[in-house]
Number of protein chains: 2
Amino acid sequence: MIKIVIIGSGNVAQHVITAFEKNETVSLVQVYARQENTKISGIDTYRMVYDLASLREADLYILAVSDDAIAAVSEQLPFINRLVVHTSGTASITAINDKNRRGVFYPLQTFTKNKPVDFSQIPICLEAENSTDFRVIDTVAKSISESVYPINSAQRKALHVAAVFVNNFTNHLFQIGEEICREHQVPFEVLKPLIKETVAKINDLSPMQAQTGPAKRNDQTTIQSHLHYLTDDNQKNIYKILTQSILENGKKL
Amino acid sequence: MIKIVIIGSGNVAQHVITAFEKNETVSLVQVYARQENTKISGIDTYRMVYDLASLREADLYILAVSDDAIAAVSEQLPFINRLVVHTSGTASITAINDKNRRGVFYPLQTFTKNKPVDFSQIPICLEAENSTDFRVIDTVAKSISESVYPINSAQRKALHVAAVFVNNFTNHLFQIGEEICREHQVPFEVLKPLIKETVAKINDLSPMQAQTGPAKRNDQTTIQSHLHYLTDDNQKNIYKILTQSILENGKKL
Ligand SMILES: NC(=O)c1ccc[n+]([C@@H]2O[C@H](COP(=O)([O-])OP(=O)(O)OC[C@H]3O[C@@H](n4cnc5c(N)ncnc54)[C@H](OP(=O)(O)O)[C@@H]3O)[C@@H](O)[C@H]2O)c1
Ligand SMILES: NC(=O)c1ccc[n+]([C@@H]2O[C@H](COP(=O)([O-])OP(=O)(O)OC[C@H]3O[C@@H](n4cnc5c(N)ncnc54)[C@H](OP(=O)(O)O)[C@@H]3O)[C@@H](O)[C@H]2O)c1
């Protein structure tokens, strides 16, 4: 069994702990939290530690701490030349102090603390500085997930930027849709099946093929009528820029 | 049983026909297509007509034709004072010629011709000029769908604009995500579980509550690093405008 220590007690730490506890490939040796009153479910208290000096030997240390704490916490680790990975989509592998062997174990999902997830469906993006270490984290990742990808720091950065578009910005468009509904006393519920179908389509079609709507058809009558209809300048502006961007697609074909 | 005639043979006509054929409340009397070689599945040829003059009497005529054909086709109908509805999200109820009683029967979904849909989950937005007619289309709609809403023309317009944001624009953001992945040799597959979760979240949270990411946190380091990373001016511009719009949210709270 691969012996693992988790450092951190936030969102990601909690979900990873739950996934490891049901698992025969790894043995969860310890979990470190910086505050004694931290609540972690699914782990017995005798494996909790609150002092980095008490960390035991393990094959893998997973730093599930805030991006900007990776450097400081990894520097404080009381050992050298062991395998230490972070879980960040943005931080470089070099954010980890180089007194240890370094890697990245990035679960590409948006976690909500009390909402259970099915880890087997979550892509895990891996990076390590040598192939022996890569095999260790690859084995660990495959023990909890069906989609494991080798992703270097440059690719991980691309993924993170892309994730902002498909997750954060998409959610913001949902919010604008909700605002337009609210203004006109229409329940936002009415739009939810459409939203589900928008996502279901990209299982079968590329987003380019799945594109529909007035911008795709260059239906200027509808576009102008929508722009005239929108009263909020910010919404108008977003409508214009995304319409223009879809129109530009025609030129890419 | 409510006797129905469908005029049109496109996407919407096909899906509505399939839904009505499994149904005890309505009787599908005829389907009109303007071209004799039109393929419609699930209807026997003896109920197909290719000439508006051959239309039989019915309780409801559903005009499932292109938006800009509604006026002309409804004008050519060889009868008066019967109930005629269109299926458009954009056209006004008054697009239908006023020699007949008018209404709207708008299924709010994005249909793909050969992809079966579960009509019971599709919201149908209804409008009629009098309450007797409303009750007819309400009965018909409820026989195929679990979510039926009275929606007037002004509200339908709002819904259509909102649908452009949550469906067409969202799909375009997926395309940008895919482009960024492709440029850096990362499979777009990696992002799909994240996209699914983005949508799943709005079942439990409002989009405003579900918002995460660098813009939400006003994390200027990450925002600037993403802007620096993007090489396409159009993508940069969309990133800026949507980030700004999310930042403005803070002021709304
Ligand atoms: N949330 C997501 O959806 C998600 C998804 C993929 C990857 N990630 C990445 O996973 C990592 C952890 O994210 P998270 O969502 O779990 O964050 P989180 O819920 O905010 O938890 C952060 C953890 O880091 C600890 N911490 C912060 N500063 C520290 C310091 N100076 N010394 C020691 N511990 C410190 C916190 O301790 P306290 O509780 O005592 O403050 C907490 O346990 C980040 O790199 C993040 O980018 C997050
Ligand atoms: N597609 C969607 O996702 C969707 C969703 C909700 C509502 N709607 C609305 O439903 C209506 C139909 O859309 P659709 O997607 O089914 O369109 P479609 O697949 O393009 O079909 C349009 C139908 O209208 C007929 N037509 C066009 N011009 C005509 C004319 N001048 N005279 C007679 N027939 C004519 C076409 O006949 P030919 O086949 O002979 O050209 C075809 O049968 C539109 O009002 C649309 O806004 C569409």
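All of these numbers come straight from a predicted model, not from anything done at the bench. (Residues numbered from 1 in each chain as written. Chains lettered and ligands numbered in written order. Predicted model: local features only at pLDDT ≥ 70, side-chain atom pairs only at ≥ 80, totals over all residues. Heavy atoms only, no water.)

What to know about the interface of chain B and chain A
Then, number 1: With 85 residues of chain B at the contact, the number on the chain A side is 85 residues.
Then, number 2: Taken together, the connections running from chain B to chain A amount to 2 salt bridges.
Then, number 3: In this assembly, chain B and chain A are joined by 37 residue pairs in polar contact (both at pLDDT 80 or more).
Then, number 4: Mapped onto the side of chain B that touches chain A, the elements with two or more residues apiece are helix 4 (153-183), helix 5 (192-201), helix 6 (207-210), helix 8 (220-229) and helix 9 (233-252) of chain B.
Then, number 5: Here the side of chain B that touches chain A gets 27 residues from one element, more than from any other, and that element is helix 4 of chain B.
Then, number 6: When its residues are assigned to classes, the side of chain B that touches chain A shows 43 nonpolar, 31 polar and 11 charged. (Contact = heavy atoms within 4.5 Å. Salt bridge = Lys/Arg side-chain N within 4 Å of Asp/Glu carboxyl O. Polar contact = N/O pair within 3.5 Å; in protein donor to acceptor, adjacent residues only side chain to side chain. Helix = DSSP H or I, 4+ residues; strand = E, 2+ residues; numbered from the N terminus. Nonpolar A, V, L, I, M, F, W, Y, C, P; charged D, E, K, R; others polar.)

Description of the packing of helix 5 (residues 192-201) of chain A against helix 4 of chain B
Packed helices, taken two at a time, are described by the angle between their axes plus the distance between the axes.
Then, number 1: Where helix 5 of chain A contacts helix 4 of chain B, the axes come no closer than 10 Å and their chain directions differ by 20 degrees. As summarised for this structure, helix 5 of chain A and helix 4 of chain B are arranged roughly parallel, according to the angle between their axes. Taken as a pair, helix 5 of chain A and helix 4 of chain B cross one another with a handedness that is right-handed. When helix 5 of chain A is examined against helix 4 of chain B, the residues Leu194, Ile195, Thr198 and Val199 of chain A are found in contact with a partner set consisting of Ala163, Val166, Asn167, Thr170, Asn171 and Phe174 of chain B.
Then, number 2: Along the lines of polarity and charge, the residues of the contact of helix 5 of chain A with helix 4 of chain B split into 6 nonpolar, 4 polar and no charged. (Axes fitted to C-alpha atoms, helices over the stretch in contact; angles between N-to-C directions. Parallel < 35°, antiparallel > 145°, perpendicular 65-115°, else oblique. Left-handed = near helix turned anticlockwise from the far one by under 90°.)

Here we look at the site of ligand 1
Residue and element names in this part refer to chain A.
Then, number 1: Neighbouring ligand 1 are 20 residues, the closest being Ser9, Val12, Gln35, Asp67 and Phe111.
Then, number 2: Valine 65 is positioned such that a nitrogen or oxygen atom in its backbone is 3.2 Å from an oxygen atom of ligand 1.
Then, number 3: In the environment of ligand 1, an oxygen atom lies 2.9 Å from a nitrogen or oxygen atom belonging to the backbone of phenylalanine 111.
Then, number 4: Contact with the protein chains covers 71% of the free accessible surface of ligand 1, which is 900 Å².
Then, number 5: Secondary structure elements with two or more residues in the shell around ligand 1: helix 1 (11-21) and strand 6 (101-107).
Then, number 6: Classifying every residue of the shell around ligand 1 by side-chain character gives 8 nonpolar, 10 polar and 2 charged. (Near = heavy atom within 4 Å. Areas by Shrake-Rupley, 256 points an atom, 1.4 Å probe, with all protein chains shown as cover.)

Overview of the domain arrangement of chain A
Residue and element names in this part refer to chain A.
Then, number 1: For chain A, the assigned domains read domain 1 (2-151) and domain 2 (156-250).
Then, number 2: The straight-line distance from the C-alpha centre of domain 1 to that of domain 2 is 36 Å.
Then, number 3: Counting from both sides, the interface comprises 14 residues of domain 1 and, opposite them, 4 residues of domain 2.
Then, number 4: In total, about 680 Å² of surface goes out of reach between domain 1 and domain 2, with carbon and sulfur atoms giving 61% of it.
Then, number 5: One can count 1 salt bridge joining domain 1 with domain 2.
Then, number 6: Counting the contacts that link domain 1 with domain 2 gives 3 residue pairs in polar contact (both at pLDDT 80 or more).
Then, number 7: Among the secondary structure elements, those contributing two or more residues to the side of domain 1 that touches domain 2 are strand 6 and strand 7 (124-128).
Then, number 8: Broken down by class, the residue content of the side of domain 1 that touches domain 2 amounts to 7 nonpolar, 6 polar and 1 charged. (Domains from an automatic or database assignment. Buried area = accessible area lost by both parts, 1.4 Å probe.)

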